[in-house]
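# Examination of the molecular architecture
Listed here are the chains, written in short residue letters.
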Amino acid sequence: DCCPEDYILSLYSSFAPKFDDLLVNKLQYQTPTLLRKLVNSTVSTTTASSMVWSNLCIDLGCGTGLSGLAFKSCTKYMVG
């Protein structure tokens, strides 16, 4: 058995606008921020202190764009 397509579309459409807020504020999702801190700790101090230390960054997160936000200041070009 599976749910009717109209139900799934309606559920997703009503939940999608609230997803980021729920994920970050209620569930306290911090993975992109924690990953950025980890990457910063492995990049040399001199390089990390400069704004851009990567020419290309690929955001392979869960579709929220939160990983892109966490890493956008360190790359020249973001994909994803």
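If you're wondering where the values come from, they're calculated on a predicted model, not measured in any experiment.

### Points about the confidence of the model for the protein chain
Detailed reading of the predicted model is not advised wherever pLDDT is low. Of the residues in the protein chain, 88% have a pLDDT of 70 or more, and the chain-wide mean is 83. Across the protein chain, the element-wise mean pLDDT spans from 57 in helix H3 (residues 45–49) up to 91 in helix H1 (residues 5–26).

### Concerning the environment of Met78
Mapped onto the fold, Met78 is located in strand S2 (residues 75–79). Given the relative accessible area of 25%, Met78 is considered partly exposed. In this structure, the C-alpha to C-alpha distance between Met78 and Ile58, residues 20 residues apart in sequence, is 5.9 Å. Once you skip the residues sitting within four places of it in the chain, Met78 turns out to touch Cys57, Asp59, Gly68, Phe71 and Lys72.

Cut-offs applied
- Residues numbered from 1 in each chain as written.
- Predicted model: local features only at pLDDT ≥ 70, side-chain atom pairs only at ≥ 80, totals over all residues.
- Heavy atoms only, no water.
- pLDDT = per-residue confidence, 0-100.
- Helix = DSSP H or I, 4+ residues; strand = E, 2+ residues; numbered from the N terminus.
- Buried < 20%, exposed > 50% of the residue type's maximum accessible area, 1.4 Å probe, protein only.
- Contact = heavy atoms within 4.5 Å.

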